[in-house]
Amino acid sequence: MEVLLDTIHAFDYHILVQIADRWRGGLSDAIWTAITTLGNGGALWIITAVLLLFFRKTRCAGVAMLAALLIGVLIGNIMLKEWIMRPRPFVTHADLTALLQPGDRWSFPSGHTLSSFAAASALCYFHRRAAVLAYIMATLIAFSRLYASVHYPTDVLAGMLLGILCGLLAGWLTGRAADRIHTIRLRKGD
């Protein structure tokens, strides 16, 4: 088991070194920093979800996105990060320089990636076509975390998978709740 973990860690580190050596510098740094900032605190996704709440046709998607974000914070940031306590790449490897201050000490899973894929998946549950743009943005935010050397690839992969699960769960729960509300309204004659 230890050999497998060492191999994964070496692979993670190798990818980060390749990104830092081949892609970082100049205007690219500013672009990827701006992209990663969109994911801070789930701000992009919270704003999008709140806007969707204003329209009846998209209200369920907005509720599901907010629920997915909440589930993601509870599972990823409050539970897993504090349980696993994996140091960030730039802390473990002196040759990696963080492009930005990550906000917390722990790396696993990537909260930016988790929230992005949770929101995109919740949106996809109700509006598949609109979700394409959300998934593109989620992918860009996820890559930006690698670019900034604040997460390992396995942190981002775990964030993506957990985010998708949180988004699907939130979509399913929201859909069930909406169906029940609709049934109750029909019975009342509203």
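Rules and cut-offs
Residues numbered from 1 in each chain as written. Predicted model: local features only at pLDDT ≥ 70, side-chain atom pairs only at ≥ 80, totals over all residues. Heavy atoms only, no water. Core = buried A, V, L, I, M, F, W, Y, C linked by side-chain atoms within 4.5 Å. Buried < 20%, exposed > 50% of the residue type's maximum accessible area, 1.4 Å probe, protein only. Helix = DSSP H or I, 4+ residues; strand = E, 2+ residues; numbered from the N terminus. Contact = heavy atoms within 4.5 Å. Axes fitted to C-alpha atoms, helices over the stretch in contact; angles between N-to-C directions. Parallel < 35°, antiparallel > 145°, perpendicular 65-115°, else oblique. Nonpolar A, V, L, I, M, F, W, Y, C, P; charged D, E, K, R; others polar. Salt bridge = Lys/Arg side-chain N within 4 Å of Asp/Glu carboxyl O.

Counting residues in each nonpolar core, the largest one holds 38 residues, and the members touching the most others are Trp45, Met65, Leu123, Phe143 and Leu146. Contributions of two or more residues to this core are made by helix H1 (2–22), helix H2 (27–38), helix H3 (43–53), helix H4 (59–84), helix H6 (111–126), helix H7 (128–147) and helix H8 (153–188). For this core, the element with the most residues is H7, which contributes nine residues. Aside from chain neighbours lying at most four places away, what touches Met65 is Trp45, Thr48, Ala49, Leu52, Ala119, Ala122 and Leu123.

Between two packed helices, both the angle of their axes relative to each other and the distance between the axes serve to describe the pair. Where H6 contacts H7, the axes come no closer than 8 Å and their chain directions differ by 175°. One finds that H6 runs roughly antiparallel with respect to H7. Counting all contacts with H6, which are made through His112, Thr113, Ser116, Phe117, Ala120, Ser121, Leu123, Cys124 and Phe126, the residues of H7 involved are Arg128, Ala130, Ala131, Ala134, Tyr135, Ala138, Thr139, Ile141, Ala142 and Arg145. Split by residue class, the contact of H6 with H7 holds twelve nonpolar, five polar and two charged.

The subject of this paragraph is the pattern of salt bridges. It is possible for side chains of opposite charge to pair when their charged atoms get near one another. Per the stated rule, a full pass over the model turns up four salt bridges. Across the pair Asp12 and Arg86 runs a salt bridge whose closest N-O atoms are separated by 3.0 Å. Placement of Asp12 in helix H1 and of Arg86 in the loop between H4 and helix H5 (89–92) is noted, with a sequence separation of 74 residues between them. No difference in accessibility class separates Asp12 from Arg86, as the two residues are buried. The partner of Lys81 in a salt bridge is Asp104, with the nearest N and O atoms 3.4 Å apart. Here the residue Lys81 occupies a position in helix H4, and Asp104 occupies one in the loop between H5 and H6, the gap between them amounting to 23 residues. Judged by its relative accessible area of 32%, Asp104 falls in the partly exposed class. Connected through salt bridges with shared partners, the residues Asp12, Arg86 and Asp155 form a single ionic network.

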